[in-house]
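# Descriptive analysis of the structure
Spelled out from the first residue to the last, the chains are:
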Amino acid sequence: MNRNLTLVWNGLIPENPIFRLALSLCPAVAVTTSIKNGLLLGLAVVFVQVFSSCTVAIFKSFIHPRIRIPAYVIIIALWVTVIDMILPVISPEVYKQVALFVKLIVVFAIIISRLELFASKEPLTPSFFDGLGMGLGFTFGLCLTGAIREFFGAGQLFGHDVLGFKPLLIMILPAGGFFVIGFIMAMFNWLEYKITGKIPKSGGVH
Amino acid sequence: MKEIVKITFSLTIVCVMAAFILGAVYAKTEHIRKENEEKIEHETIEGLLGFGPGKKAPDNLKIYPVYRYVINDAKGNPRLGYLMPMKEKGYLLAEIELSGKLRTVIPVEADASKLSERASRDSVVNSALPKDLKAVYAQALFIANLGDKRLGYVIPGVTQGFKTFIKLMVSLDPNLTVTGIAITESEEDPGLGAEIEQSYFKNQFAGKTQEVLKNLKVVKEPLPSDYFAVLDPPKAARQGLANDQIREIKEKHIKDDIYALTGATISSRAVTNGVKDTVRKFVYRLEILGDAIKKDNIQVAF
């Protein structure tokens, strides 16, 4: 398989930021009360991750290694602010929904860890695909968690009534987020064990 | 030594570049963002008055903004200033004492575009006042007329939500009965407190008279299923309810308290208290303002 595709695939399943790397769990628990919330935050993360990875990949020779972390934080904050300013102009309706989430992204562990581990060592193209893969993997994780919590907690899917009653209200409360993410993590580990026959190392491959 | 210079230089370059990009984006987007915000505010007001998609606002619908200022003199004694549009042209600033007595009326020369933005409006008001007085913006309220007939009032309000403030708007009809509320800004938890923006919660306030509103409480009871369908217009349409039936069910529940949202009692209470508070203060102020206008025969536009 082509390396770029491998990178995207890696971010999506084998190194999924939430279920395998266990990064950025706070926002993952906080916003995944519905699929829509998860999807909107996920898309915002894809943008910030891709732009930040590309910026770091291009300018990495200018960034002094001893101040790389503050420089990364500035770059992430830059792109988050740019999105925060451009989005209300392009689409005020969408902005109204995601305004709350966008500003949170500055402090997401997943983004700065990808800059440090990948974009600061690799050229532009692989960095782009790594950022895209990680962003999509994060989106996938949020949507999956959101779907399970919305279905059991509110009896809805994508805001539409499916069940007509609320089977397990706890799922929509913060505690439910821990349960769902924990169970999905366990499922990922179990699948890996079934496929490779090895007991998975905790916290992904890093 | 050389190292530290390099580090400083590198970090400075990163910051300056980021600042330039942000500055450029801000300059390009700021006025469009403001325009959009104003448009959304205008749409919210029209929506509360019963117009919106599918029902265009008629041409003779006039929405007059009245801006309330708190004016402090040199000794720090407060009085109120109402900036209102006049009948023919221009604006006036009515100074009203806390006791309700009208003090002076100062004509203000400015056009609507200058007054719609807060910073330029503040400077216009302060330059119209004598030098020893200082005006601080408090709030706006909107008076809507359909032709010469009063259609209603729209009042913005703020209330303390679960984590931070909830900004809302309440619309009243000429008899001061609540006709609807809108949540304009809130940061309640998605899935729990954020449900205050759902129509099945917001519409519970419609039709509450002053009498009912005074003793309005939040009850932790499930929303009756017939009421639920009526509060959500698309749902009522799906169930095939006729207009007569809808009116009948609404009539039945008109004096009900507000049914709390599941898992978000604090947010439900916050909105209810916010609406009560906003309306109570507005009714009090409207009385004083109306009296002053009538007694001194001020030629206002509305």
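Residues numbered from 1 in each chain as written. Chains lettered and ligands numbered in written order. Predicted model: local features only at pLDDT ≥ 70, side-chain atom pairs only at ≥ 80, totals over all residues.

### Description of the overall build of chain B
Helices and strands together make up the secondary structure of chain B, namely nine helices and 10 strands. The principal-axis extents of the C-alpha atoms in chain B amount to approximately 80 × 60 × 40 Å. Out of the 302 residues in chain B, the part that is buried amounts to 26%. (Helix = DSSP H or I, 4+ residues; strand = E, 2+ residues; numbered from the N terminus. Buried ≥ 20, exposed ≤ 12 C-beta atoms within 10 Å, placed from the backbone.)

### Concerning the environment of B:Val219
All names here are of chain B. Looking at the element boundaries, Val 219 is found in strand β9 (residues 218–219). On the basis of neighbour counts, which here come to 12 C-beta atoms within 10 Å, the residue Val 219 falls in the exposed class. For the pair Val 219 and Arg 269, spaced 50 residues apart in sequence, the C-alpha separation works out to 9.2 Å. Excluding anything up to four places from it in sequence, Val 219 contacts Asp 257, Tyr 259 and Ala 260. (Contact = placed C-beta atoms within 7 Å.)

### A closer look at the pairing of strand β7 (residues 165–172) of chain B
Residues and elements named next belong to chain B. Burial analysis of β7 places six of its eight residues in the buried class, the great majority of the element. Relative to β7, strand β6 (residues 149–160) is paired through eight bridges, and the arrangement is antiparallel. Bridging across to β7, Val 158 finds its partner in Lys 167. The turn linking β6 back onto β7 is made up of four residues. Pairing of β7 with strand β8 (residues 178–185), which is carried by six bridges, proceeds in the antiparallel orientation. Bridged to Leu 168 within β8 is Ile 183. (Pairing = 2+ DSSP bridges.)

### Observations regarding the nonpolar core
In terms of nonpolar packing, the biggest core is built from 94 residues, with A:Ala44, A:Val48, B:Leu83, B:Val154 and B:Val170 touching the most fellow members. It is helix α4 (residues 68–90) of chain A that contributes the most residues to this core, 10 residues altogether. Each of domain 1 (61–140) and domain 2 (150–285) of chain B gives at least three residues to this core. Dropping the residues within four chain positions of it, B:Val154 is found in contact with B:Ile45, B:Leu48, B:Leu49, B:Phe142, B:Ala144, B:Met169 and B:Ser171. (Core = buried A, V, L, I, M, F, W, Y, C linked by C-beta atoms within 7 Å. Domains from an automatic or database assignment.)

### Comments concerning the pairing of strand β2 (residues 78–85) of chain B
Along any regular strand, the residues point their side chains to alternate faces of the sheet. Residues and elements named next belong to chain B. Burial of β2 is extensive: six of the eight residues sit out of reach of the surface. Both β2 and strand β3 (residues 91–96) contribute to a ladder of six bridges, which runs antiparallel. Within β3, the residue paired with Gly 81 across the bridge is Glu 95. Hairpin connection of β2 to β3: five residues between the antiparallel strands, including Gly 90 at a positive phi of 85°.

### Some details on the interface of chain B and chain A
With 23 residues of chain B at the interface, the matching set in chain A holds 25 residues. The class makeup of the residues in the side of chain B that touches chain A is 14 nonpolar, six polar and three charged. (Nonpolar A, V, L, I, M, F, W, Y, C, P; charged D, E, K, R; others polar.)

### What to know about unusual backbone geometry
With a phi angle near 55°, A:Ser24 is a residue other than glycine that sits in the positive phi range. Tracing the sequence through the fold places A:Ser24 in the loop between α1 (3–12) and α2 (25–31). Positive phi values are uncommon outside glycine, yet B:Leu176 reaches one of about 65°. Following the sequence through the fold, B:Leu176 ends up in the loop between β7 and β8. Look at B:Leu176 and you get partly exposed, because 15 C-beta atoms sit within 10 Å.

### Considerations on the confidence of the model for chain A
In this model, chain A carries an average pLDDT of 85, and 96% of its residues clear a pLDDT of 70 or more. When pLDDT is averaged over each helix and strand of chain A, the minimum, 75, is found for helix α5 (residues 92–102) of chain A and the maximum, 92, for helix α7 (residues 124–154) of chain A. (pLDDT = per-residue confidence, 0-100.)

### Examining helix α6 (residues 109–119) of chain A
Residues and elements named next belong to chain A. All of the buried residues along α6 are Ile 110, Ile 111, Arg 114, Leu 115, Phe 118 and Ala 119. Projected onto a plane normal to the axis of α6, the buried residues spread over an arc of 135° and lie on a single side. Close packing links the buried residues of α6 with α3 (35–59), α4 and α7. (Arc of directions from axis to C-beta.)

### Focus: the packing of α3(A) against α5(A)
Residues and elements named next belong to chain A. The geometry of α3 relative to α5 is characterised by a closest axis approach of 9 Å and an angle of 65° between their N-to-C directions. Where α3 crosses over α5, the handedness of that crossing is right-handed. For the pair α3 and α5, contact is made by Leu 40, Leu 41 and Ala 44 and by Gln 97, Val 98, Phe 101 and Val 102, respectively. A per-class count over the contact of α3 with α5 returns six nonpolar, one polar and no charged. (Axes fitted to C-alpha atoms, helices over the stretch in contact; angles between N-to-C directions. Left-handed = near helix turned anticlockwise from the far one by under 90°.)

### Side note on the sheet that holds β6(B)
Residue and element names in this part refer to chain B. Taken in spatial order, the eight strands make up an open sheet running β4-β3-β2-β1-β5-β6-β7-β8, and their pairing is antiparallel. The sheet is open, and its two edges are formed by β4 (102–108) and β8, each paired on a single side. If you compare each strand with its neighbour and ignore which way they point, the axes differ by 25° on average. Each of β1 (61–72), β5 (134–146), β6, β7 and β8 touches helix α1 (residues 2–48); the most contacted strand, β8, lies at about 160° to it. Of the strands in this sheet, β2, β3, β4, β5, β6, β7 and β8 touch helix α9 (residues 265–296), which is tilted by about 135° from β6.

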